[in-house]
Amino acid sequence: VITPVILVLMAGRDHLIWLLFSEAFRPAERLLQIQLLGDLFKVIAWAIGLPILASGRTRLHIGLDLTFYVSWILLVELATRQWGEIGASVGFTAYNALMCVVYLVVIRHAMGLTLDRRNLRLAGQSLAAVIAAMVVARTNLLIRVPSTFAILVAWTMLSVQRDEWKTVLRILRDRKSTRLNSS
């Protein structure tokens, strides 16, 4: 669910900033792309880390969270010193990518769990779509919006399974017949 949201935010960032904020916020636009990539890593990490908490390993989960928060502060501090204000977004993204890797290692070694190919493929496709949108986001609006839409369509076609499409089509048919019968 997060990938389409991130793609829409990247494509419409100019208008969203204009609509929701003042012009003084415009320089922060360049931070948004890196921040959104970090958000994707964060959602993936949460999904990977949830079995730790669900299995009753609360102390492990809290310990990892505390370690991650300290690393977040350190990474943001180091990246900000190195690259200025954009370093805050770089540190955030690095922290969340690190969190994904650590959770993968922990669930594999401490719990004997692995992600199946479908989940790994979905994470990879989402990452590829967001990176492609980051590249396209550097273009003007007339190129950015249709290109991002094409990326979103490609991601959807690759990510949604055949049985999921059948379910969506059945729900749409049911709604259509319900509306026709109620008229």
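Overview of the packing of aromatic side chains
This model, assessed by the stated rule, comprises 6 aromatic pairs. Where F92 meets Y95, the ring centres are 6.4 Å apart and the plane angle is 50°; that geometry is what we call tilted. Of this pair, F92 and Y95 are both found in helix α5 (residues 86-109), 3 residues apart, which corresponds to roughly one turn of the helix.

Quick look at the nonpolar core
One finds M10, I52, Y103 and V130 to be the most contacted residues of the largest nonpolar core, which totals 32 residues. The element best represented in this core is helix α3 (residues 29-54), accounting for 10 residues. Once residues within four sequence positions are removed from consideration, V130 is found in contact with T3, I6, L7, M10, L37 and L40.

Comments concerning the packing of helix α6 (residues 117-136) against helix α7 (residues 141-159)
Between α6 and α7, the shortest axis-to-axis distance is 10 Å and the interhelical angle comes to 175°. Relative to α7, α6 is oriented roughly antiparallel. Note on element contacts: α7 touches α6 through I143, R144, S147, T148, I151, W155, L158 and S159, opposite R121, L122, Q125, S126, A129, A132, A133 and V136. For the contact of α6 with α7, the class distribution of residues is 9 nonpolar, 5 polar and 2 charged.

Remarks on a nonpolar patch on the surface
A contiguous nonpolar surface patch, about 660 Å² in accessible area, is contributed by F149, V153, M157, W165, V168, L169 and L172. Of all the secondary structure elements, the ones that give two or more residues to the nonpolar patch are α7 and α8 (162-182). If one sorts the elements of the nonpolar patch by residue count, α8 sits on top with 4 residues. The residue W165 is located in helix α8 in this model.

Thoughts on the layout of surface pockets
Of the voids in this model, the second largest pocket is the one considered here, and its volume is about 200 Å³. As for the second largest pocket, its lining consists of L9, R13, L16, I17, L20, F21, F25, A28, E29, L31 and L32. For the lining of the second largest pocket, the elements supplying multiple residues, two or more each, are α2 (13-20) and α3. For the lining of the second largest pocket, the element with the most residues is α2, which contributes 4 residues. Within the lining of the second largest pocket, the residues separate by chemical class into 9 nonpolar, no polar and 2 charged.

Digging into the confidence of the model for the chain
Mean pLDDT over the chain works out to 85, with 99% of the residues at or above the 70 mark. The least confident element of the chain is α2, whose mean pLDDT is 79; the most confident is helix α4 (residues 58-83), at 92.

Considerations on α3
Here α3 is 26 residues long and its end C-alpha atoms lie 37 Å apart, about the 38 Å a rise of 1.5 Å per residue gives. The sharpest bend along α3 reaches about 30° and sits at I48, with the proline P51 one to four residues further on. Backbone geometry just downstream of α3 places G56 in the positive-phi region, at approximately 85°.

Re the packing of helix α1 (residues 2-11) against α7
Here α1 crosses α7 at 170°, and the two axes come no closer than 9 Å. The angle between α1 and α7 falls in the class roughly antiparallel. Along its contact with α1, which presents T3, P4, L7, M10 and A11, the element α7 presents L141, R144, V145, T148, I151, L152 and W155. For the contact of α1 with α7, the class distribution of residues is 9 nonpolar, 2 polar and 1 charged.

Observations regarding the environment of A132
You can see A132 is positioned in helix α6. The exposure class of A132 is partly exposed, given its relative accessible area of 28%. Separated by 37 residues in sequence, A132 and L169 place their C-alpha atoms 29 Å apart.

Here is what the cut-offs are and how they apply
Residues numbered from 1 in each chain as written. Predicted model: local features only at pLDDT ≥ 70, side-chain atom pairs only at ≥ 80, totals over all residues. Heavy atoms only, no water. Phe/Tyr/Trp six-rings, centres within 6.5 Å; stacked < 30°, edge-to-face > 60°. Helix = DSSP H or I, 4+ residues; strand = E, 2+ residues; numbered from the N terminus. Core = buried A, V, L, I, M, F, W, Y, C linked by side-chain atoms within 4.5 Å. Buried < 20%, exposed > 50% of the residue type's maximum accessible area, 1.4 Å probe, protein only. Contact = heavy atoms within 4.5 Å. Axes fitted to C-alpha atoms, helices over the stretch in contact; angles between N-to-C directions. Parallel < 35°, antiparallel > 145°, perpendicular 65-115°, else oblique. Nonpolar A, V, L, I, M, F, W, Y, C, P; charged D, E, K, R; others polar. Patch = residues over 30% accessible without salt bridge, like charges linked within 9 Å, V, L, I, M, F, W, Y side chains within 5 Å. Areas by Shrake-Rupley, 256 points an atom, 1.4 Å probe, with all protein chains shown as cover. Salt bridge = Lys/Arg side-chain N within 4 Å of Asp/Glu carboxyl O. 1 Å grid on protein atoms, 1.4 Å probe; cavity = no way out; pocket = protein on both sides within 12 Å on 5 of 7 lines; lining within 4 Å. Points joined across faces, edges and corners; volume = space filled by probe spheres on them. pLDDT = per-residue confidence, 0-100. Expected span 1.5 Å × (residues − 1). Bend = angle between axes of the 7 residues up to and from the residue.

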